[in-house]
Amino acid sequence: MAKTARVGDDVDLLPALAAALADPDVTEVVLEPGTYVEQVVIAPRAAPLTVRSATGRAQDVRITWGLRQGDRGRDGLPIVQDCATVTVDADDVTIEHLTIENTFDRTADPGLEDTQALALRTRGDRVRLRGCALLGRQDTVLLDAPGWSDTRHVHLVDCLVVGDVDVVYGRARAVVEGGEIRSVGPGWVAAPSTARENTRGFLFRGVRLTGPGLPDGSVRLGRPWHPGGKADAVGEALFVDCVMGPHIAADAWSPMGGFAWEDARFGEHGSTGPGAHEGPGRPRLRPEAVPGVAEVLGGWTDAAPGPAPLSGRAVVVSDSTASPYGPARAPRTGWGEMLADATGLRVENLAVSGASSVSFIASGQMDAALAVTGPGDLLLIAFGHNDEKPDERGTLPWSTYPAALSRYVVGARARGAVPVLITPVERRRFVDGRARSSHGGYPQAVRRLAEEDGVALVDLTASSRRLWQRMGEEGSKAAFLWLEPGAWPAFPDGEQDDTHLSDHGARLVADLLAAGLRSLGLVPGGDGVRG
């Protein structure tokens, strides 16, 4: 049920926006004219939320704070991006006709090293601002995401954004549509840090780029931000049908942090004005390459407010425990070959024998898999066996392994698919009659990533180990390649393999996966919820 809270300078009203947000049942907050000196965090909520001015005019309601990165919090430690005047961590938030400003003035102390001072930071999904004024200097608006494997969508409509250095930055998929970006000093309009596997980043469409009083050519359109030197942050910023003032430089793009702007995804189309120069340093988009607003926003519109329905299709990216083999390699079988029968899903099994999470990326196979992954599909991500190897395929469970898995997750989410992380199937390893772990810290790294980034998880390591224990030390041999000499043409000398599965073992593992997917509500027959 809708519940409205009213805020203002009156005894019958709530005194602050934060006070209104403290009620989890509030779905609309209306602010009466005035200046509200407070730092606001819109935390995750159960229902969509609208925050708006009572008059419909941004100049009447001002939320203001003056914190910068580098100021020290109450714990005595430097504050970083938590300096934002307003942070939106909730999904499905609409903010209308407010002024949000960070009043920190770096000119008052030119010796300060950290002068970033955010007005707005968004980490929620489906966040829309309409008719707002966002005022700051350096790093005015951060369109962010909670983690590197998250995809978030933000829409700024007819807003005024004021700043100088990296005015709009971050890794969300965002459309800045209409309105004005007003530069108040030399700098850059945009600094995207889009994940490489995210198909879209920033689209500035129909925006007026102004710089009253600034020297001609003193502002550039953007530069590629690679946080912490992260190589797979390949930013996208596209300027389409904008009006560019003379302050926009002819060489509109700059390198950043040792990364060339030419390697980023920058482009322009259809812009006009004295700053819309032509030349080799101004890459132009072909008309057919110009994305629409709905594409950048992942299909999120007022008519389609949520994720795409499940498609009944799964794409498998994994290693030899899942990969297809065919009759010539019988009885060696991957669980991916048995998954369609176990789940009723249409299965595209793209698992590759010998692959690790990083080698699958380096070979181009991840890109190929993402190219055939669409809205509502499941992307089943199951690596680990070869990540443990001491060669070029190897990763570390506390760093490079989860970093690689995150790239699959963001790639799936960017395409409207549902990523599912799967811990590696346990090898057959018994000690004193008990099934034991063989994967070290890799399964826990998957569990932790799933928990931190809200990814659906099937713990195949745990369920398969329980299954091998039930089957027993001898009985479990039937699930693996324990073969007598001469019994199978592909293995004339026999085999004793505790890693790869027989057709019987592949079916058992596929059944475990099917049960896990049902419990998550991702295939019919389960009571869980979509991951």
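Below is a summary of the structure that appears in this document.

Calculation notes
Residues numbered from 1 in each chain as written. Predicted model: local features only at pLDDT ≥ 70, side-chain atom pairs only at ≥ 80, totals over all residues. Heavy atoms only, no water. Pairing = 2+ DSSP bridges. Helix = DSSP H or I, 4+ residues; strand = E, 2+ residues; numbered from the N terminus. Axes fitted to C-alpha atoms, helices over the stretch in contact; angles between N-to-C directions. Buried < 20%, exposed > 50% of the residue type's maximum accessible area, 1.4 Å probe, protein only. Parallel < 35°, antiparallel > 145°, perpendicular 65-115°, else oblique. Left-handed = near helix turned anticlockwise from the far one by under 90°. Contact = heavy atoms within 4.5 Å.

The next point concerns the sheet that holds strand E8 (residues 93–96). Hydrogen bonds along the backbone pair up the strands of a sheet, which may run parallel or antiparallel. Read from one edge to the other, the open sheet built from 10 strands follows the order E1-E2-E5-E8-E11-E14-E17-E20-E23-E25, with strand pairing classed as parallel. Because the sheet does not close on itself, it has two edges, and the strands there are strand E1 (4–7) and strand E25 (265–269). Sheet twist, expressed as the mean angle between neighbouring strand axes with direction ignored, is 10°. Summarising the sheet, strand E17 (residues 173–177) and strand E20 (residues 202–205) pair through 4 bridges and their orientation is parallel.

Next up on the list: the pairing of E20. Sheet analysis places E20 next to strand E23 (residues 236–240), joined by 4 bridges and oriented parallel. Paired with phenylalanine 202 across the bridge in E23 is alanine 237.

Let's shift gears to unusual backbone geometry. For the peptide bond that leads from alanine 330 to proline 331, omega is 10°, which places it in the cis range. For proline 331, the location among the structural elements is in the loop between strand E26 (313–318) and helix H3 (335–343). The phi dihedral of aspartate 241 falls on the positive side, at around 55°, and the residue is not glycine. With respect to the helices, strands and loops of the structure, aspartate 241 is situated in the loop between E23 and strand E24 (243–244). A relative accessible area of 38% means that aspartate 241 is categorised as partly exposed.

Attention shifts here to the packing of helix H6 (residues 400–414) against helix H7 (residues 442–453). Running from N to C, H6 and H7 cross one another at 40°; their axes reach a closest spacing of 10 Å. For the element pair H6 / H7, the angle class is oblique. At the point where H6 passes H7, the crossing takes the right-handed sense. Across from Tyr401, Pro402, Leu405, Ser406 and Arg413 in H6, the residues of H7 making contact are Tyr442, Ala445, Val446, Leu449 and Asp453.

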